[in-house]
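# Descriptive structure summary
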Amino acid sequence: MNRRVLVLALPLIASVALVGWAAGWFVPTESKVTELAPGVWFRKAQTEPFTGCNQGWVEFKEFVLVIDANFPGQAEQVIEIIRKQTDKPIRFVFDTHHHGDHADGNMHYAKVGASAVASERSQPLFETKGLEGFQQAQASGKEEYKGLHYHAPSVYFPHKMVIDDGEQRVELLHFGHGHTMGDAVAWLPKHGILFTGDACVNGAFNYMGDGDTASWIAVLAEMQELPVKQVAPGHGELSDKELLETQKRYFVELRAAVQKAIDAGRTVDQIKQEIDLPWYEEWAGVDVKKNTENIEHVYGELTRK
Ligand SMILES: [Zn+2]
C-alpha cells in the first residue's frame, strides 16, 4: 500500500475511499491516515457515526509529538499505528483543548511515557469541565473508560511553546478565546501546516457551548496571518487555508442573521425557525437551522447585557 495513504478500513471501502479522497469527496464513514509532509501525519477520524477527533503526529529526530489525545479507545488505536511506524518514544501529547473527544485519552499516552501539554488558559477547564466530562463518561459505563483515571496535562504554556530539533519545528500557539477559552493550535512553519483542533472544523461540527463567537472570529483572523498551506481541522476533511475563511464566515453570517432578526423584533424561537443561510448548507451539508444550540448561543451572546 502507498506509504502516504494508509486507509484503515475494509479493502472495498478502502479503494472507494482512495478514489474518493483523490477526487476530494467527503468520506465520513471511516478513519484514514495521510502523511502531509515527511514525518508529519494526519488521521482524519470517522465522522459517521462520530468516533472522535482528528489527530496528528510529528516525528522528530528522537521522539514523537501527538496532536490531540482523542477518546481513550481512539488513543489506543493511534498509539498502535505510531508503534508500527517508529520505535521512537511518544514524548508529548498536545491537547488543543479540554473536551473529552480531544483529551480523555491522555492516560494511554501517559502509560507510554508521554506528557500531556496544553495552553495555560485551559488549565482551569481541564480541572473542572474536563474532569466532569470524563467522570460522566466513566459513570455511564462506557467500555473504553473502564479502569482509567482522569489525566489532565502537566505541561502548560502561556501563549507559545516551541518544539524544534533542527529538523522539525512545531509551535503551539494560543491566540485567545475561540471554541474554548484555552484553545491552542499546532503550527508547523516549515511545512505550512496548521493543526487547529476545534478552533476550525470542516463541516457541521461546530460546538459553541464553551465558545465566544466574536473572539473566535478574531482568533481565526490571527490564524489567517500565518502562511498556511494546509489546514488539518479538529473534525472533518483536511483542507487548505480557505477553510479558515469558511469557518469564520459561518460565525460572521450567523451573528449578522441573528442580529438582524433581533433588530426586527423576532424571538429566539422565531429565529430558530426562520433563519436561512443557504451558503452554510453548501459547505456543511446540513441546514443551518439544524444546529439550534448554536443559534441559541449566538442569540445569548448578542442579547446579553
Ligand atoms: Zn471541542
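The coordinates are above.
Quick look at the structure, then. (Residues numbered from 1 in each chain as written. Predicted model: local features only at pLDDT ≥ 70, side-chain atom pairs only at ≥ 80, totals over all residues. Heavy atoms only, no water.)

## Some details on the sheet that holds strand S11 (residues 185-188)
- Taken together, six strands build an open sheet; the order of strands is S9-S10-S11-S12-S13-S14 and the sheet is mixed. Strand pairing shows two members of the sheet lacking a second neighbour, strand S9 (160-164) and strand S14 (239-240), which therefore form its edges.
- Where S9 lies against strand S10 (residues 169-173), five bridges are found, and the strand directions are antiparallel. Among the inter-strand pairings, lysine 160 is bridged to a residue of S10, identified as leucine 173. (Pairing = 2+ DSSP bridges. Helix = DSSP H or I, 4+ residues; strand = E, 2+ residues; numbered from the N terminus.)

## Observations regarding the nonpolar core
- If you look at the biggest cluster of nonpolar residues, it comprises 32 residues, and the most contacted ones within it are Leu194, Met223, Leu244, Tyr250, Leu254 and Tyr280.
- Of all the secondary structure elements, the ones that give two or more residues to this core are S11, helix H6 (213-224), helix H7 (242-263), helix H9 (278-284) and helix H10 (292-303).
- In contact with tyrosine 250, other than residues within four places in its own chain, are Asn206, Met208, Trp279, Tyr280, Trp283, Val288 and Asn294.
- Within the second largest apolar cluster, 23 residues are counted, among which are Phe42, Ile163, Val170 and Ala184. (Core = buried A, V, L, I, M, F, W, Y, C linked by side-chain atoms within 4.5 Å. Buried < 20%, exposed > 50% of the residue type's maximum accessible area, 1.4 Å probe, protein only. Contact = heavy atoms within 4.5 Å.)

## Some remarks on the environment of glycine 133
- Tracing the backbone through its elements, the reader meets glycine 133 in helix H5 (residues 123-139).
- Spatially, the C-alpha atoms of glycine 133 and glutamate 242 are 33 Å apart, while their sequence positions differ by 109 residues.

## Topic: the packing of H6 against H7
- Between H6 and H7, whose axes approach to 10 Å, the crossing angle comes to 155 degrees. Looking at the two axes, H6 sits roughly antiparallel to H7. For the element pair H6 and H7, the recorded crossing hand is left-handed. Judged by residue contacts, Thr213, Ala214, Trp216, Ile217, Leu220, Ala221, Met223 and Gln224 of H6 engage Leu244, Glu245, Gln247, Lys248, Phe251, Val252 and Arg255 from H7.
- Split into classes, the residues belonging to the contact of H6 with H7 amount to nine nonpolar, three polar and three charged. (Axes fitted to C-alpha atoms, helices over the stretch in contact; angles between N-to-C directions. Parallel < 35°, antiparallel > 145°, perpendicular 65-115°, else oblique. Left-handed = near helix turned anticlockwise from the far one by under 90°. Nonpolar A, V, L, I, M, F, W, Y, C, P; charged D, E, K, R; others polar.)

## Side note on the coordination of the zinc ion
- Only His97 (NE2), His99 (ND1), His179 (NE2) and Asp198 (OD) from the protein coordinate the zinc ion, and they sit 2.2 to 2.4 Å from it.
- Metal-centred angles of 86 to 173 degrees between the four donor atoms at the zinc ion mark the site as irregular.
- Mapped onto the sequence, the residues coordinating the zinc ion show the spacing H-x1-H-x79-H-x18-D. Of the two residues, histidine 99 is situated in the loop between strand S6 (90-94) and helix H3 (100-103) and aspartate 198 in the loop between strand S12 (193-197) and H6; the sequence distance between them amounts to 99 residues. Both residues of the pair, histidine 99 and aspartate 198, belong to the buried class. (Donors = N, O, S within 2.8 Å, 3.2 Å for Na, K, Ca; no water. Tetrahedral: all angles 85-135°; square planar, octahedral: opposite > 155°, others 65-115°.)

## As for the environment of alanine 204
- Tracing the backbone shows alanine 204 in the loop between S12 and H6.
- Judged by relative accessible area, which is 35%, alanine 204 ranks as partly exposed.
- Along the sequence, alanine 204 and lysine 290 sit 86 residues apart, while their C-alpha atoms lie 9.4 Å from each other.
- Dropping the residues within four chain positions of it, alanine 204 is found in contact with Tyr280, Ala284 and Val286.

## Quick look at unusual backbone geometry
- The residue after glutamate 48, namely proline 49, is reached through a cis peptide bond having omega -10 degrees.
- Tracing the backbone through its elements, the reader meets proline 49 in the loop between strand S3 (40-44) and strand S4 (55-59).
- In this structure, aspartate 68 takes a positive phi of about 75 degrees despite not being glycine.
- Relative accessible area serves as the criterion here: at 2%, aspartate 68 is assigned to the buried category.
- Backbone geometry at asparagine 70 places phi at a positive 70 degrees, although glycine is not the residue there.

## Brief notes about H6
- Along its 12 residues, H6 runs 16 Å from first to last C-alpha, staying within 8% of the 16 Å computed at 1.5 Å per residue.
- Of all the residues in H6, the buried ones are Thr213, Trp216, Ile217, Val219, Leu220, Met223 and Gln224. For H6, the angular spread of the buried residues around the axis is 160 degrees, confining them to a single face.
- Where H6 starts, the residue carrying a side-chain oxygen 3.2 Å from the main-chain nitrogen of alanine 214 turns out to be aspartate 212. (Expected span 1.5 Å × (residues − 1). Arc of directions from axis to C-beta. Polar contact = N/O pair within 3.5 Å; in protein donor to acceptor, adjacent residues only side chain to side chain.)

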